[in-house]
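# Remarks on the overall topology
As a plain string of letters, each chain reads:
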Amino acid sequence: AEKLAHVTILATGGTIAGSGASSTTTVGYTAATVGVDTLIKAVPELSKVAQVKGEQVFQIASENMTNEHWLTLAKRVNTLLAQPDVDGIVITHGTDTLEETAYFLDLTVKSRKPVVVVGAMRPGTALSADGPINLYNAVLLAASKEAVGKGVLVALNDQIHSARDVSKTNTSTPDSFKTPELGLLGYIQGSKPYFYRASTRKHTADTEFDVSRLASLPQVDIVYGYANVGPVALNALVAAGAKGIIHAGVGDGSLAATVKTALVAARKQGVVIVRASRVGQGILARNGEANDDELDFVAADTLSAQKARILLMLALTRTSDTKAIQQMFYTY
Ligand SMILES: NC(=O)C[C@H](N)C(=O)O
């Protein structure tokens, strides 16, 4: 028989480690209550697909995830994957910011070994809890040869997504994670992963970002576009020391006149401005709704605002040159 792969499960909390008052409690439960050993014991089938070890890295609801948590997690993943006796990693995570952690790791993990981020939409106490099957699928995916070199993967609801393109799309249903237009990468069925496509963007072992010596990340915040918007929130963030601003604009990243004036002023003070869209799908065209060449702004391409924030933070650890940063937005 083939020797089973060694997979380490890094537990961070979330609903997958949550519990509710009754079996029908699917909202208003408590996240991050159950430890990694209990999660593993709840799925004895794991021992058929991998030799599993568990580590409790954090125990938080993912709305409390911070840059510092990400740095700690990325360093731990890199340390483990450098060991010859670790073949793959699974990270259990709350779903609210799961896509952000996954993309952060996609840009900072220095290995081709599989890394799979997984969560659940229902707490473990609920009828038809999705955590156990999601964890089982994530572990077999992390143990698989098929997942090697694919970048950080997100696996829920029997589907495999790329970290860059996946989003939580529904507040509560188990099929919440989707890659609407660019498409999911594959499925898990009958204890086997099936891949149909791969991301064309640089990730993991091929990225230029190195967090091994970083204790913090540059402050980058997001401002939202909407009818009747003014510059108050933007100006407050700049005054609070933001080094970068992601503008999650209406449509193709259009700028309200008063906001545009404030963004131009911020840029003159050295703040890097990235135009993104609140729409959720499509390319944010450089020099489309604003003349980025003239304003010295950066276009987010197809990244959501929350993922543009991650790429800009990491970009600012390397350069403040907006042409170089724009190139990164077309590369990652
Ligand atoms: N489904 C979940 O995991 C939601 C929870 N608030 C979290 O992100 O930790």
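Being a predicted model, the structure only gives us computed values, none of them experimental.

### What about the overall build of the protein?
Across its full length, the protein holds ten helices and 14 strands. For 332 residues, the compact-globule estimate of 2.2 N^0.38 gives 20 Å, and the protein sits close to it at 20 Å. Principal axes of the C-alpha set define a box for the protein whose edges measure 65 × 45 × 35 Å. The 332 residues of the protein split such that 48% are buried.

### Considering the sheet that holds strand β6 (residues 159-162)
Across the sheet, eight strands lie side by side as β2-β1-β3-β4-β5-β6-β9-β10; this open sheet has mixed pairing. The two strands at the open ends of the sheet, each matched to only one other strand, are β2 (51-60) and β10 (192-195). Going across the sheet, the axis of each strand differs from the next one's by a mean of 25 degrees, ignoring polarity. Direction of pairing for strand β4 (residues 115-118) relative to strand β5 (residues 153-156): parallel, over a ladder of two bridges. Of the residues in β5, the one forming a bridge with Val116 is Leu153.

### Observations concerning the nonpolar core
Grouped together as the largest cluster of nonpolar side chains are 100 residues, with contacts concentrated most on Val139 and Leu311. The element that contributes the greatest number of residues to this core is helix α9 (residues 305-316), accounting for eight residues. Residue-level mapping places this core at the junction of two domains, with at least three residues from each of domain 1 (6-206) and domain 2 (220-329).

### With respect to unusual backbone geometry
The phi torsion of most residues other than glycine is negative, and most of the peptide bonds are trans. The backbone phi angle of Ser128 is positive, close to 50 degrees, even though this residue is not glycine. Ser128 sits in the exposed class, given 9 other C-beta atoms within 10 Å.

### A short note on the site of the ligand
Taken together, the residues surrounding the ligand are Gly14, Thr15, Ala31, Ala61, Ser62, Glu63, Gly94, Thr95, Asp96, Gly119 and Met121. The class makeup of the residues in the shell around the ligand is three nonpolar, six polar and two charged.

### Some thoughts on the UniProt feature "domain: Asparaginase/glutaminase C-terminal" (unreviewed entry) in the protein
UniProt's feature table lists "domain: Asparaginase/glutaminase C-terminal" (unreviewed entry) at residues 219-329, given in the numbering used throughout. For residues 219-329, the end-to-end C-alpha separation is 18 Å, with 40% helix and 17% strand making up the annotated structure.

### A few points about helix α7 (residues 257-268)
Here α7 contains twelve residues, and its C-alpha end-to-end distance of 17 Å stays within 8% of the 16 Å for a straight helix at 1.5 Å per residue. Within α7, burial applies to Val259, Ala262, Leu263 and Ala266. Viewed along the axis of α7, the buried residues span an arc of 105 degrees, placing them on a single side of the element. For α7, the exposed residues lying more than 90 degrees away from the buried face are Ala257, Thr261 and Lys268. Among the residues trailing α7, Gly270 stands out with phi positive, at a value near 105 degrees.

### Looking at the environment of Glu208
In this structure, Glu208 sits in the loop between β10 and β11 (220-224). It is 24 Å that separates the C-alpha atoms of Glu208 and Arg197, two residues lying eleven residues apart in sequence.

### Structural notes on the environment of Ala227
In this structure, Ala227 sits in the loop between β11 and α6 (232-239). For Ala227, a count of 6 C-beta atoms within 10 Å puts it in the exposed group.

### Observations concerning the packing of α6 against α7
For the pair α6 and α7, the least separation of the axes is 9 Å and the interaxial angle reads 15 degrees. As judged from the angle between their axes, α6 and α7 are roughly parallel. The way α6 lies across α7 gives a crossing that is left-handed. Contact with α6, carried on its side by Leu234, Asn235 and Val238, involves Val259, Ala262, Leu263 and Ala266 of α7 and no other residues of that element. Partitioning the contact of α6 with α7 into residue classes produces six nonpolar, one polar and no charged.

What counts and what doesn't
- Residues numbered from 1 in each chain as written.
- Predicted model: local features only at pLDDT ≥ 70, side-chain atom pairs only at ≥ 80, totals over all residues.
- Helix = DSSP H or I, 4+ residues; strand = E, 2+ residues; numbered from the N terminus.
- Rg over C-alpha atoms; globule rule 2.2 N^0.38 Å.
- Buried ≥ 20, exposed ≤ 12 C-beta atoms within 10 Å, placed from the backbone.
- Pairing = 2+ DSSP bridges.
- Axes fitted to C-alpha atoms, helices over the stretch in contact; angles between N-to-C directions.
- Core = buried A, V, L, I, M, F, W, Y, C linked by C-beta atoms within 7 Å.
- Domains from an automatic or database assignment.
- Near = placed C-beta within 6 Å.
- Nonpolar A, V, L, I, M, F, W, Y, C, P; charged D, E, K, R; others polar.
- UniProt positions renumbered as here; feature names shortened; annotations may be inferred.
- Expected span 1.5 Å × (residues − 1).
- Arc of directions from axis to C-beta.
- Parallel < 35°, antiparallel > 145°, perpendicular 65-115°, else oblique.
- Left-handed = near helix turned anticlockwise from the far one by under 90°.
- Contact = placed C-beta atoms within 7 Å.

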